[in-house]
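Structural characterization, general
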Amino acid sequence: MSTGPFRVAIVGSGPSGFYTADALFKADPSINVHMFDRLPTPYGLIRGGVAPDHQKMKSLGDYYERIAIKNKDKFRFIGNVKVGQDISIAELKDFYHAIVLCYGAEGDKKMGILNEDLDGSFSAREFVGWYNGHPDYAHYKFNFSTRVACIIGHGNVALDIARILAKTPEELKKSDIPQYAFEQLSESHISEIQLIGRRGPVQSSFTSIELEELGKLKDCDIVVRYKDLDLDEISQQELEASPKAKKNMEAFEALSRKRIIGCSKRIEFRFFQAPYRLNGKNNHVAEVALNHFSLSGKPFSQEVKCTTNMHCIPCGLVFRSIGYKGEPIDDGMPFDKERGIIPNQSGRVINKEKETVPKLYTAGWIKRGATGVLGTNKPDAKETVDCLLQDLATLPSLQTPDPNTLDTALFNLLQTRGVISVSFDDWLTLNQIEIKAGKAVGKPREKLTSVQDMLAALNKNPITSKKGD
Ligand code: NAP
């Protein structure tokens with residue numbers, strides 16, 4: 001029997017999706033890759049997660065674009081298609097030899113405290129999505145008339161949020177922050193940003209470059225108290241064994257030495273504290289009630305222990321930045337709800353009995369959890385692709401080897417469901433539209449922030465498409 005090209009569907013077009021495609025093309029140039037995304041725009045966290053003032057990091061999108069263009073004969077972006085809703089994973093199996101799930105962590109960890117979800121208390125995802133013009137969050141409203149904002153969690157996302165809240169309009173102007181967010185943040189009354197973490201400076205999840213960046217803010221004092229940098233013996237041992245912690249500690253020390261000069265805004269680090277409750281007024285957050293914690297145990301496995309109920313910080317805005325958590329997208333897939341990941345062995349999806357599920361693979365945050373920097377996804381994707389390539393000969397064949405027949409059947413199926421898919425060329429058109437709009441106002445781009453606007457810009461308005469066909 002003749003065999004057509006080996007066909008792989010990648011679900012998710014963020015960093016892990018593109019590193020998976022790249023590894024596949026490098027290993028076997030004859031492989032065809034179709035990359036699905038629920039949005040009409042590719043690049044996942046690069047577009048919707050990386051802070052708008054981190055343009056260098058966002059430029060990784062150019063690298064992914066080159067992967068797509070270099071392999072254009074065998075790469076297809078199928079945007080605006082929600083796998084699990086518009087088409088199931090079981091259905092995808094009819095069109096592809098293998099499916100790699102790379103759709104990231106779309107949920108949030110919960111603190112599990114009283115009043116966690118009061119009005120005015122938001123997950124980091126919601127605010128990050130808003131200031132990045134993500135269509136799911138562009139319509140959100142935040143109370144910037146309050147004086148104090150509290151951010152819970154000591155990770156890099158918390159730093160991104162603090163920095164964006166603290167920047168002057170002049171600083172924000174250089175970014176690709178959407179106009180609505182720029183205007184609202186420019187008029188913000190927030191002058192105090194509390195960064196609250198339950199462990200100490202040595203155990204924080206920050207990275208030093210991001211900490212150092214705070215020291216360069218134009219009109220913001222940074223408060224790091226000397227006493228918080230006074231380490232106990234166990235933390236001292238952890239510091240000595242961890243180059244990352246050492247660098248962070250140097251950054252904290254430099255910040256603590258900076259003079260407080262009465263800037264318009266202030267970011268204050270609070271260590272060994274975490275909320276036990278949010279207090280509300282008229283159902284809106286009014287205070288964060290904090291406990292004090294201490295650490296006990298062996299180096300690198302210290303546990304947090306509540307010591308006292310401390311005090312309340314009056315505030316009108318809370319951001320819960322305690323980490324992202326993956327969610328299932330399809331009823332028919334194995335999922336570890338506790339860990340928020342797809343259970344897998346080196347990227348091969350496994351079921352409850354720990355048997356590998358034919359044709360299903362995973363990479364990125366949905367494979368390992370929401371950890372690591374963008375580059376971590378490269379070796380992670382390579383590990384998955386290596387497994388997939390080892391399995392190649394054993395994967396079930398498709399009903400027909402002819403790729404054109406399969407593609408026609410796939411797009412017919414989507415069309416009968418009223419799904420309007422977006423190609424990579426469509427994305428390149430949107431990209432040009434955004435860059436042009438940005439140029440007019442001196443920004444890298446002015447984003448389209450609703451799916452409707454994106455489709456309209458492509459003349460793919462649902463009504464006209466249906467009529468035209
Ligand atoms: P993260 O690095 O995992 O940090 C989460 C923070 O939340 C930790 O301080 C954690 O403290 C705390 N936390 C967790 N559960 C808590 C609870 N119940 N109560 C109080 N605090 C709690 O997560 P992230 O900041 O969302 O970042 C996700 C990943 O993206 C990270 O790998 C990060 O480095 C990466 N990222 C990188 C950049 C960059 O490179 N510029 C920017 C953004 C994000 P414990 O340690 O005590 O659990």
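My aim in this report is to walk through the structure given alongside it, one point at a time.

Cut-offs used in this document
Residues numbered from 1 in each chain as written. Predicted model: local features only at pLDDT ≥ 70, side-chain atom pairs only at ≥ 80, totals over all residues. Heavy atoms only, no water. Pairing = 2+ DSSP bridges. Helix = DSSP H or I, 4+ residues; strand = E, 2+ residues; numbered from the N terminus. Axes fitted to C-alpha atoms, helices over the stretch in contact; angles between N-to-C directions. Contact = heavy atoms within 4.5 Å. Phe/Tyr/Trp six-rings, centres within 6.5 Å; stacked < 30°, edge-to-face > 60°. Buried < 20%, exposed > 50% of the residue type's maximum accessible area, 1.4 Å probe, protein only. Salt bridge = Lys/Arg side-chain N within 4 Å of Asp/Glu carboxyl O. Core = buried A, V, L, I, M, F, W, Y, C linked by side-chain atoms within 4.5 Å.

With that settled, the discussion passes to the sheet that holds strand 6 (residues 121–123). The strands making up a sheet associate through hydrogen bonds between their backbones, and the pairing can be parallel or antiparallel. Spatially, the six strands line up as an open sheet ordered 6-14-7-8-10-9, and their pairing is parallel. At either end of the open sheet lies a strand with only one pairing partner, and these are strand 6 and strand 9 (220–223). With strand direction ignored, the average angle separating the axes of adjacent strands in the sheet is 20°. In the sheet, strand 6 pairs with strand 14 (residues 317–320) via three bridges, with the strands oriented parallel. For S123, the partnering residue across the bridge sits in strand 14 and is R320. Of the strands in this sheet, strand 7 (148–152), strand 8 (192–196), strand 9, strand 10 (265–270) and strand 14 are in contact with helix 7 (residues 156–166), which crosses strand 8 at around 175°.

To continue, consider the packing of aromatic side chains. The description of an aromatic ring pair rests on the distance of the ring centres and on the angle between the ring planes. As enumerated under the stated definition, the model contains 32 aromatic pairs in all. A centroid spacing of 6.3 Å and a plane angle of 55° characterise the contact between F122 and Y140, whose relative ring orientation is tilted. With F122 in strand 6 and Y140 in the loop between helix 6 (124–131) and strand 7, the pair connects residues that are 18 residues apart, well separated along the chain. The pair formed by F122 and Y140 is uniform in burial state, with each residue classed as buried.

What follows deals with the pattern of salt bridges. Counted by the stated rule, this structure contains 29 salt bridges. Between R147 and E192 there is a salt bridge whose closest N-O contact spans 3.1 Å. Of this pair, R147 sits in the loop between helix 6 and strand 7 while E192 sits in strand 8; the two residues are 45 residues apart in sequence, bridging distant segments of the chain. Judged by relative accessible area, which is 48%, R147 ranks as partly exposed. The partner of E446 in a salt bridge is K443, and the shortest N-O contact between them spans 2.6 Å. Owing to a relative accessible area of 17%, E446 belongs among the buried residues under this scheme. What emerges from the salt-bridge pattern is a single network uniting R147, E192, R225, R266, E268 and R270.

The biggest cluster of nonpolar side chains holds 51 residues, and the ones touching the most others in it are F127, W130, L165, I267 and F269. Tallying contributions element by element places helix 7 first for this core, with seven residues. Those residues in contact with L165, other than ones at most four positions away along the chain, are F127, F144, A149, I151, L185, I190, I193, K265 and F319. Membership of the second largest hydrophobic core comes to 39 residues, among which are I31, Y43, L395 and L458.

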